[in-house]
Amino acid sequence: MDRMSELPDFIIHKIMSHLSPKKVAQTSILSKRWNYLQTSFPILEFNQNHFMRKGRLTGTGGVLHEKRFVKFVDVTLGRFCRLEYCMEKFRLKVCLFNLKISSRIDEWIRLAVEKEVKEFDISPCRIYNAYRDAVYTLPQTIFSAKLLTTLRLSSCKIEQPSDTLMLCSLKSLTLKGVCINEQMVQKFTSECPLLEDLLICSCWGLKHLRVSKALKLKFIQFHNPSDKLVSVEIIAPSLQVCWLVVNYSSRLCIDMAGCTHLKELHVNGGSFTDQDFHQLILKFPFLEHLYVYKSMLLERIIISSDRLKRLKIRSCPGLKAIHLDTPNLISFSYYLNWIPIAVTNAPYSYWKVSIRPYSDLDTSWFMNLTKFLGVANQIEGLFLSLTLKKISFNLEGVRESFASFRCQVPTLNLSVNVCAGVPFSDYRALLDGLLWSCCPWTLHVTATGEDEHKFLQWLYEELRNRCVNCCNSHNIKCWRHYLKDVKILSTLPMEDWRRKNRKLLNRNDDDLRDVWPINQHVIMSFNLDWVQ
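Residues numbered from 1 in each chain as written. Predicted model: local features only at pLDDT ≥ 70, side-chain atom pairs only at ≥ 80, totals over all residues. Heavy atoms only, no water.

### A word on the side chain of serine 333
The following threshold applies: Only DSSP runs of H or I with at least four residues qualify as helices, and only runs of E with at least two residues qualify as strands; both kinds are numbered from the N terminus onward. When accessible area is computed with a 1.4 Å probe and restricted to protein chains, residues below 20% of their type maximum are described as buried, those above 50% as exposed, and intermediate ones as partly exposed.
The residue serine 333 is located in strand β19 (residues 331–335) in this model. We classify serine 333 as buried; its relative accessible area is 13%.

In structure tokens:
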């Protein structure tokens with residue numbers, strides 16, 4: 001017996017919702033009932049790319065495939081509209097070889113609205129080498145979709161309607177590459193009472209972004225690489241997550257005083273001064289996650305918060321100091337050329353710090369790292385990702401600046417991209433600088449290719465066969481005099497590492513090349529026993 005065909009309609013439609021459009025079409029051969037249910041499937045997805053052959057995107061070939069695509073959409077959509085089903089989702093990706101197809105798109109949208117569509121996604125892409133000025137204007141009928149909950153619009157133009165929007169069920173709005181003005185954005189946010197998620201990406205026609213009266217808005221993401229944007233004003237008392245991605249040289253006026261319950265903030269770009277940034281952060285007393293990227297003018301970050309849990313700073317080349325009074329901070333990621341001096345009053349928090357320098361390392365870099373680790377003495381794990389061509393470390397200069405050796409970090413995770421042509425002897429300076437600065441108890445080293453595996457072999461031999469006749473005349477000696485023993489804890493593939501499946505492999509092999517395949521992505525863990 002065909003028990004699958006005896007399932008209720010909504011269950012079979014649910015099964016189809018997890019299949020690709022091609023697989024859904026293939027279900028029509030299973031039985032007559034499946035053929036009928038495939039016709040009544042309420043998720044309609046049309047992609048014109050599936051009707052095009054490679055190399056035939058323009059000219060007569062493109063127009064021919066366009067006609068086939070239009071006929072397919074007309075037949076499929078018309079057949080569905082004759083049934084007594086509401087439409088769950090309508091997704092359309094069409095290439096505009098000319099604007100004659102615009103009238104057909106308008107008709108498809110009208111039919112979808114009449115079938116009470118709940119999720120709408122349209123992307124009328126332009127073929128630039130055929131018709132550069134082909135821009136599709138969205139019809140006004142879409143604004144009367146009362147049951148629409150999700151609206152995604154790409155590569156089109158939105159003209160402001162004179163009437164009030166009827167999108168009373170809209171919860172999620174995405175605008176990508178859309179021509180839109182400030183008044184229309186304000187109309188969306190103020191006349192859609194249930195709007196919770198708003199994404200505006202690479203839209204043109206905006207000089208001022210104002211979001212107000214969005215009482216239920218919880219998430220906003222704004223990407224605008226243009227330098228024409230002048231100001232951003234957001235008044236959303238329920239907002240919890242905000243992404244602001246703007247031109248790195250833009251001097252924006254940002255007003256978010258009406259977002260007092262914000263918990264997560266991402267700031268990417270923008271020419272913030274120290275005072276601008278400090279005043280912005282002060283407006284969010286409940287902020288728990290803060291991410292700062294490519295803010296070129298920042299020199300000093302001052303944060304005082306008992307709620308901040310995660311802080312990430314990346315590509316802020318002018319940053320010189322970070323002052324933190326954050327007793328509940330548990331994660332601090334830092335990607336920058338130089339290491340700042342961090343001042344903190346957080347004795348009970350333990351950080352996991354990620355550092356990825358983009359320049360060559362020298363003695364001053366390792367000294368700054370040592371000072372940073374000494375001041376921020378609650379670091380639990382240090383992650384270093386290094387892609388280097390030149391490394392230098394002079395212990396004599398360090399001896400003059402530090403009275404003693406000891407700056408222990410529980411765990412150091414090291415990923416080194418070994419550059420072609422660099423002899424491993426040059427990496428002795430890297431090892432000297434890191435072990436002097438960090439003195440880790442556990443060292444995890446990632447190896448991804450043949451050169452990295454050779455480096456790992458060299459590292460293990462260097463740790464085991466260290467010479468201690470190098471600096472006996474000095475009171476402060478190099479790390480070799482303080483390291484008592486080294487053992488391999490584990491060697492395992494990256495997949496097992498991520499699952500934390502710590503299987504021990506050949507724990508004390510002299511030749512590590514026998515432990516794993518030479519091109520396998522592995523992580524080797526060492527236990528370092530230091531003189532107390």
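### Quick look at the sheet that holds strand β9 (residues 208–211)
Going by this rule: A pair of strands is treated as paired once DSSP finds two or more bridges between them. Simply put, an axis is a line fit to the C-alpha atoms, just over the touching stretch for a helix, and the angle between two N-to-C directions goes from 0 to 180 degrees.
Spatially, 3 strands are ordered β9-β11-β13 in an open sheet, and the strand pairing comes out parallel. Two strands lie at the open edges of the sheet, namely β9 and β13 (253–258), each paired on one side alone. Across the sheet, the mean angle separating the axes of adjacent strands is 5 degrees when strand polarity is ignored.

### Regarding the environment of proline 357
With respect to the secondary-structure elements, proline 357 resides in the loop between β21 (351–355) and α8 (363–375). With 22 residues separating them in the primary sequence, proline 357 and tyrosine 335 have C-alpha atoms 6.3 Å apart.

### Points about helix α7 (residues 274–281)
As a reminder, the rule being used: By arc we mean the arc of the directions from the helix axis to the C-beta atoms, nothing more. Working rule for contacts: check all heavy atoms of both residues, and any pair within 4.5 Å makes them a contact.
Taken together, the buried positions of α7 are occupied by Phe277, Leu280 and Ile281. Across the axial projection of α7, the buried residues extend over an arc of 95 degrees, all falling on one side. Of the surrounding secondary structure, the elements contacted by the buried residues of α7 are β13, β14 (264–268), β15 (289–293) and β16 (300–304).

### Digging into the nonpolar core
Selection rule: In plain words, nonpolar cores are sets of buried Ala, Val, Leu, Ile, Met, Phe, Trp, Tyr and Cys residues tied together by side-chain atoms within 4.5 Å.
With 147 residues, the main nonpolar core has Phe90, Phe188 and Phe526 as its most contacted residues. Once you skip the residues sitting within four places of it in the chain, phenylalanine 90 turns out to touch Leu44, Phe46, Leu77, Trp108, Ala112, Val117, Glu119, Phe120 and Asp121. Counting 7 residues, the second-largest nonpolar core is a separate cluster that includes Ile12, Met16, Leu37 and Ile43.

### Points about the pairing of strand β17 (residues 310–314)
By the alternation rule, side chains of β17 split into Leu311 and Ile313, which are all buried, and Arg310, Lys312 and Arg314, of which none is buried. The sheet contact formed by β15 and β17 spans 5 bridges and is parallel. Bridged to histidine 289 within β17 is arginine 310. As paired strands, β17 and β19 are joined by 5 bridges and run parallel to one another. Bridge pairing in β19 places lysine 312 opposite serine 333.

### Topic: a nonpolar patch on the surface
What counts, and what does not: Patch construction takes residues with relative accessible area above 30% that form no salt bridge. Like charges are linked within 9 Å, and nonpolar side chains (Val, Leu, Ile, Met, Phe, Trp, Tyr) are linked within 5 Å. Methods summary: accessible areas were calculated by the Shrake-Rupley approach with a probe of 1.4 Å, and residue burial reflects only the protein chains presented. The term salt bridge refers to a pairing of a side-chain nitrogen on Lys or Arg with a carboxyl oxygen on Asp or Glu at a separation within 4 Å.
Together, Tyr248, Met296 and Leu297 give the surface a local cluster of nonpolar side chains, amounting to about 290 Å² of exposed area. Tracing the chain through its elements places leucine 297 in the loop between β15 and β16.

### Description of the packing of aromatic side chains
Definition in use: To pair, rings of Phe, Tyr and Trp, with the six-membered ring standing in for Trp, must have centres within 6.5 Å; the planes then decide the type, stacked if under 30 degrees apart, edge-to-face if over 60, and tilted in the middle.
In total, this model carries 11 aromatic pairs according to the counting rule given. Judged by centre distance (5.4 Å) and plane angle (65 degrees), the rings of tyrosine 427 and phenylalanine 455 are edge-to-face. Here tyrosine 427 is found in the loop between β23 (411–418) and α10 (428–437), whereas its partner phenylalanine 455 is found in helix α11 (residues 450–464), with 28 residues between them in sequence.

### Considerations on the state of the cysteines
Think of a disulfide as a covalent bridge from one cysteine sulfur atom to another cysteine sulfur atom. We count it as follows: Cysteine sulfur atoms are paired as a disulfide whenever they come within 2.5 Å of each other.
Enumeration over the complete set of coordinates arrives at 0 disulfides. Cysteine 179 takes part in no disulfide bond, and the closest cysteine sulfur, belonging to cysteine 203, lies 9.0 Å away. Here cysteine 201 is not cross-linked by a disulfide; its sulfur's nearest cysteine counterpart is in cysteine 203, at 7.2 Å.

### Brief notes about a positive patch on the surface
Rule in force here: Think of it this way: Lys and Arg go in the positive column, Asp and Glu in the negative one, and His and the chain ends go nowhere. In this description, the location of a charge corresponds to atom NZ of lysine, CZ of arginine, CG of aspartate or CD of glutamate.
A cluster of basic side chains, namely Lys263, Arg307, Lys309, Arg310 and Lys352, defines a positive patch on the protein surface. Within the fold, lysine 309 resides in the loop between β16 and β17.

### Concerning the packing of α10 against α11
As a reminder, the rule being used: Roughly parallel covers angles under 35 degrees, roughly antiparallel covers those over 145, roughly perpendicular covers 65 to 115, and oblique covers all other angles. For any pair of crossing helices, the crossing counts as left-handed if the nearer helix is rotated counterclockwise from the farther one by less than a right angle, and right-handed if it is rotated clockwise.
Look at α10 against α11: their axes get within 11 Å of each other, and the N-to-C directions meet at 60 degrees. The pairing of α10 with α11 is recorded here as oblique in orientation. The hand of the α10/α11 crossing is right-handed. Between α10 and α11, the contacting residues are Arg428, Leu431 and Leu435 on the first element and Trp458, Leu459, Glu462 and Leu463 on the second.

### Quick notes on the pattern of salt bridges
A side chain of one charge can pair with a side chain of the opposite charge when the charged atoms of the two come close. Applying the stated criterion to the full structure yields 15 salt bridges. A salt bridge links aspartate 74 to arginine 104, with the nearest nitrogen and oxygen atoms 2.7 Å apart. Of this pair, aspartate 74 sits in helix α4 (residues 59–81) while arginine 104 sits in helix α5 (residues 102–114); the two residues are 30 residues apart in sequence, bridging distant segments of the chain. A residue is classified by how much of its surface remains accessible, and arginine 104, at 30% relative accessible area, is partly exposed. Its salt-bridge partner being glutamate 88, residue lysine 118 comes within 3.7 Å of it at the nearest N-O pair. Of the two residues, lysine 118 is situated in the loop between α5 and β3 (119–126) and glutamate 88 in the loop between α4 and β2 (89–96); the sequence distance between them amounts to 30 residues.

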